[in-house]
Amino acid sequence: MNQTARIISIYAADTSGVCSALYEYGGMTVIHDASGCNSTYTTHDEPRWYDKKSMMFISGLTEKDAVMGNDDRLINDLIITANELKPAFIALCASPLPAMIGTDLEAIAYAVESETGIPSFAVKTNGMNSYIYGVANAFLDIAKRFIKDDTTDKSDSLRVNLLGMTPLDFPKKESYLSLVKFIKDAGFESNACVGMETSLSEIESLANADVNLIVSSSGKLLADYLYDEYNIPYVKGVPYGIGFAEKIKEALVTASETKENIDATSDFREEGNVAILGESVMSTSLASALLLDKGIKANVLETVGDGDFDILKSFDMSCDDEKILENELKKYDVIIGDPLFKPICADKKYIELPHEAFSGRCFTKNAPNLIYTSLEDF
Amino acid sequence: MIKIAIYGKGGIGKSTVTSNLSAALAYLGKRVIQIGCDPKADSTANLLSGNPVFPVMNYMRDYDKEPESLKEISKVGYGGVLCIETGGPTPGLGCAGRGIITTFSLLEELKLFETFKPDAVLYDVLGDVVCGGFAAPIREGLASKIIIVTSGEKMALYAANNINSAVENFKERSYANVRGIVLNRRNVLNEEEKVREFATSHNLEIIADIPRSDDIIRFEDEGKTVIEGDPNLPVSQSFLNLAKLLIKEDEAGI
């Protein structure tokens, strides 16, 4: 049976992605759903849930509402709640049921905004796409609503946006701090971080940057928008290790000067007998870092089945099917991946690299921070 | 861009009106797309000389995958009109409304409008606005105006009233508005008075009056619209006048 996961886990869904992306911006995010989507998100996918308040809701869709097309109840609930909580914006997204019956969340958002005056929008989801799809679209939609034209004077230092940061890919605050340190040590200025340790004012100021750094596939859609609308180029790559971080630093300078987009991993990949499992931008970045810092050659098996495929080399592959993946892994001596892939890796040498979007909070405390740091102990 | 959704009671002549209007717009030099939103998939038949296009949903059912290009699910008909049919599920099974939504999502993914760059898009929608799927063509970004086709028959006017009421319910959603009524005559007693009374009571305009004509049936038997068959016929002139009105309004930004 294709596209089934009998042994391994599955990645977080697009609705979790939307909530994760919008968590820190002071808005009210509502999953149109009977129940379940929100508890999956809060229980498994959101490490900030117990430390940071955010307005994440489900609509409580009933069978009767669905069959009768009773959208008015959702509209009224949204208006009452928004008037009480005064969110900065209202974001709606669909679980499988409203997606199947074709509930027009864009029209509902329009009606709610007309009544409350609060910016409202619907993020395209169906509860069945990957978290990358949800995060990417949420980032794009919020940016389109709140971005302001660059009004600042030119800065002496290079201003960098970090795009694609959510706890689903970077669950620990240390990752963010390391990225900020990398930017600072390089002599650059952190203009905005989209997704984590952030606020709506950073979305407003996105156009002030000279260059974008895409640290996961979730940032690519917004990066394309910023390139098309504001001519801000991007660099793809996570500054893992020391050598690759240096290459990213150089790429950021080159991109800002040439206005050309750069895949920082492109020149630092060689086919090998080590497999890295996971999201494409982070996994290829790790492969480049291992090559530069330790001379280890690694192939990437992109396991989300979504995201930036352009970054993959011919010896990499995208594989979200458990059976095919299990067979493919037999070719490798060493495997690096989330612990929940381990059961299909036979007796191969396995190096655990927890990924929140795949195993939730189960192994977060064991997740190493590899950004802008020595890979000696990894 | 002219963006029209055409509604009306089943069997009232929506497909005839739509395909003749498409042909009339094309005859006047416009680049037109017609999308049939009916599981029967016969909206564009008279634009294609009896060589039907493969409907989108049928493609997905037969091949168990989504089409990868517009070429697989569209065909160019009379006057360069690009013809697309949503098709639908196996009769008695599935969900036709969902099929329309799926088709529209797919056409968006395939960048239909960006690729074809039409001057006019016409959606020929099955019967009443029976569920969310059949309201999909009048959502934001798709049709901006609705034309209701009716005759003077009681059930046709009843359906027209239902459609108008459904659109009224959407007034807070930035959906399309009813532009007016096309009277497709069946030669029933006091037909014009009945339709005019309905139009006046609902504050609607009769924007075209299509005479009962054997020419329509004659050319349909040949797989043609009357515009293709003979644009000088009085019935053809009715469609051309409607097309001219819509073009004029579009150019004036109305």
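What counts and how
Residues numbered from 1 in each chain as written. Chains lettered and ligands numbered in written order. Predicted model: local features only at pLDDT ≥ 70, side-chain atom pairs only at ≥ 80, totals over all residues. Helix = DSSP H or I, 4+ residues; strand = E, 2+ residues; numbered from the N terminus. Rg over C-alpha atoms; globule rule 2.2 N^0.38 Å. Buried ≥ 20, exposed ≤ 12 C-beta atoms within 10 Å, placed from the backbone. Contact = placed C-beta atoms within 7 Å. Nonpolar A, V, L, I, M, F, W, Y, C, P; charged D, E, K, R; others polar. Domains from an automatic or database assignment. pLDDT = per-residue confidence, 0-100. Core = buried A, V, L, I, M, F, W, Y, C linked by C-beta atoms within 7 Å. Pairing = 2+ DSSP bridges. Axes fitted to C-alpha atoms, helices over the stretch in contact; angles between N-to-C directions. Right-handed = clockwise from strand over helix to strand, strands pointing away. Expected span 1.5 Å × (residues − 1).

Asker: Explain the overall build of chain B to me, please; I cannot follow it from the model alone.
Answerer: Looking only at helices and strands, one finds ten helices and eight strands in chain B. Here the C-alpha atoms of chain B give a radius of gyration of 17 Å, agreeing with the 18 Å that 2.2 N^0.38 yields for 254 residues. The 254 residues of chain B split such that 51% are buried. Sequence separation of at least 24 residues holds for 75% of the intrachain contacts in chain B that already meet a minimum separation of 6.

Asker: I keep staring at unusual backbone geometry and nothing clicks. Help me out?
Answerer: The bulk of non-glycine residues show a negative phi, and the bulk of peptide bonds are trans. Residues and elements named next belong to chain A. Even without being glycine, Lys-86 reaches a positive phi, approximately 50°. Here Lys-86 is to be found in the loop between α4 (71-85) and β3 (90-94). With 11 C-beta atoms counted inside 10 Å, the residue Lys-86 sits in the exposed group. Positive phi, normally seen in glycine, also occurs at Glu-197, with a value near 50°. With respect to the element layout, Glu-197 can be found in the loop between β6 (189-194) and α9 (200-204).

Asker: Sorry if this is basic, but what is going on with the interface of chain B and chain A here?
Answerer: Frequently, the measure chosen for interface size is the accessible area that the parts lose on association. With twelve residues of chain B in contact, the opposing surface of chain A contributes eleven residues. Only α3 (96-109) and α5 (132-135) of chain B provide two or more residues apiece to the side of chain B that touches chain A. With three residues, the top contributor of residues to the side of chain B that touches chain A is α3 of chain B. When its residues are assigned to classes, the side of chain B that touches chain A shows three nonpolar, four polar and five charged.

Asker: Looking at this structure, I do not really get the domain arrangement of chain A. What am I missing?
Answerer: All names here are of chain A. Each assigned domain of chain A is listed here: domain 1 (14-146), domain 2 (159-263) and domain 3 (274-366). Each side of the interface is counted separately: domain 2 has 19 residues, and domain 3 has 16 residues. In terms of residue class, the side of domain 2 that touches domain 3 is built from nine nonpolar, five polar and five charged.

Asker: Got a minute to help me understand the confidence of the model for chain B in this structure?
Answerer: Caution applies to low-pLDDT regions: their predicted coordinates should not be interpreted in detail. Per-residue confidence for chain B averages 93 on the pLDDT scale, and 100% of its residues sit at or above 70. Confidence metrics for the complex model read pTM 0.88 and ipTM 0.78.

Asker: Any chance you could explain the nonpolar core here in plain terms?
Answerer: Across soluble globular proteins, you tend to see nonpolar side chains buried next to one another. All names here are of chain A. Counting 196 residues, the largest nonpolar core has Phe-139 and Val-235 as its most contacted members. A per-element tally of this core places helix α7 (residues 131-146) first, with ten residues. When neighbours within four sequence positions are excluded, Phe-139 is seen to be in contact with Ala-21, Val-194, Gly-195, Ser-218, Gly-219, Leu-221 and Leu-222.

Asker: What am I meant to see in the sheet that holds strand β8 (residues 234-236) of chain A here?
Answerer: Within a sheet, adjacent strands bond to each other through the backbone by hydrogen bonds, running parallel or antiparallel. Residues and elements named next belong to chain A. Spatial strand order, β6-β5-β7-β8-β9: five strands in an open sheet with parallel pairing. In this open sheet, the two edge strands, each paired with only one partner strand, are β6 and β9 (262-263). One ladder, built from two bridges, connects β8 with β9; its direction is parallel. Bridge pairing in β9 places Val-235 opposite Ile-262.

Asker: Sorry, what's going on with the sheet that holds strand β2 (residues 55-58) of chain A here?
Answerer: Residue and element names in this part refer to chain A. One open sheet accounts for four strands, arranged β2-β1-β3-β4; its pairing is parallel. Every interior strand has two partners, whereas the edge strands, β2 and β4 (120-123), have only one. Each strand axis lies, on average, 20° off the axis of its neighbour in the sheet, ignoring direction. As paired elements, strand β1 (residues 28-32) and β3 share five bridges and run parallel to each other. Looking at β3, one finds that Thr-29 is bridged to Ala-91.

Asker: What is the right way to read the environment of Leu-92 of chain A from this model?
Answerer: Residue and element names in this part refer to chain A. Looking at where Leu-92 falls in the secondary structure, it is placed in strand β3. Note: C-alpha distance between Leu-92 and Ser-120 (28 residues apart in sequence) is 7.9 Å. When neighbours within four sequence positions are excluded, Leu-92 is seen to be in contact with Val-30, His-32, Leu-105, Ile-108, Ala-109 and Ala-122.

Asker: For this particular structure, what's the right way to read the packing of α7 of chain A against helix α10 (residues 220-230) of chain A?
Answerer: Residue and element names in this part refer to chain A. Axis separation between α7 and α10 bottoms out at 7 Å; the angle between their running directions is 35°. Touching Ala-136, Asn-137, Phe-139, Leu-140 and Ala-143 of α7 are Lys-220, Leu-221, Leu-222 and Tyr-225, all from α10. Tallied by class, residues from the contact of α7 with α10 come to seven nonpolar, one polar and one charged.

Asker: Honestly, helix α1 (residues 14-22) of chain A in this entry has me stumped. Any pointers?
Answerer: Residues separated by three or four positions in an α-helix point in the same direction, a consequence of the helix having 3.6 residues per turn. Counting buried positions along α1 of chain A gives nine out of nine residues, so the element sits mostly inside the fold. Inspection of α1 of chain A places Asp-14, Thr-15, Ser-16, Gly-17, Val-18, Cys-19, Ser-20, Ala-21 and Leu-22 of chain A among the buried residues, and these make up the whole buried set.

Asker: Can you walk me through the pairing of strand β8 (residues 206-210) of chain B in this structure?
Answerer: Both faces of the sheet carry side chains from a regular strand, because those side chains alternate between them. Residue and element names in this part refer to chain B. Sheet analysis places strand β7 (residues 177-184) next to β8, joined by four bridges and oriented parallel. Across the sheet, the residue bridging to Ile-181 is Ile-206, located in β8. For the handedness criterion, the β-α-β arrangement of β7, helix α7 (residues 191-201) and β8 is classed as right-handed.

Asker: Hey, could you run me through the environment of Val-125 of chain B in this one?
Answerer: All names here are of chain B. In this structure, Val-125 sits in strand β5 (residues 120-125). According to the C-beta neighbour criterion, Val-125 is buried, with 28 such atoms within 10 Å. For the pair formed by Val-125 and Gly-141, sequence separation is 16 residues and the distance between their alpha carbons is 16 Å. Residues contacting Val-125, with those up to four places away along its chain left out, are Ala-5, Ile-6, Tyr-7, Cys-37, Phe-134 and Pro-137.

Asker: It is not clear to me how helix α12 (residues 280-294) of chain A should be interpreted in this structure. Could you clarify?
Answerer: Residue and element names in this part refer to chain A. The end-to-end C-alpha separation of α12 is 20 Å, in line with the 21 Å expected for 15 residues at 1.5 Å each. Burial analysis of α12 places twelve of its 15 residues in the buried class, the great majority of the element. Taken as a whole, α12 has its buried residues at Ser-280, Val-281, Met-282, Ser-283, Thr-284, Ser-285, Leu-286, Ala-287, Ser-288, Ala-289, Leu-290 and Leu-291. Residues of α12 that are buried make contact with β7 (211-214), β8, α11 (243-258), β10 (274-278) and β11 (298-302). In the segment just after α12, Gly-295 is the residue with positive phi, at about 70°.

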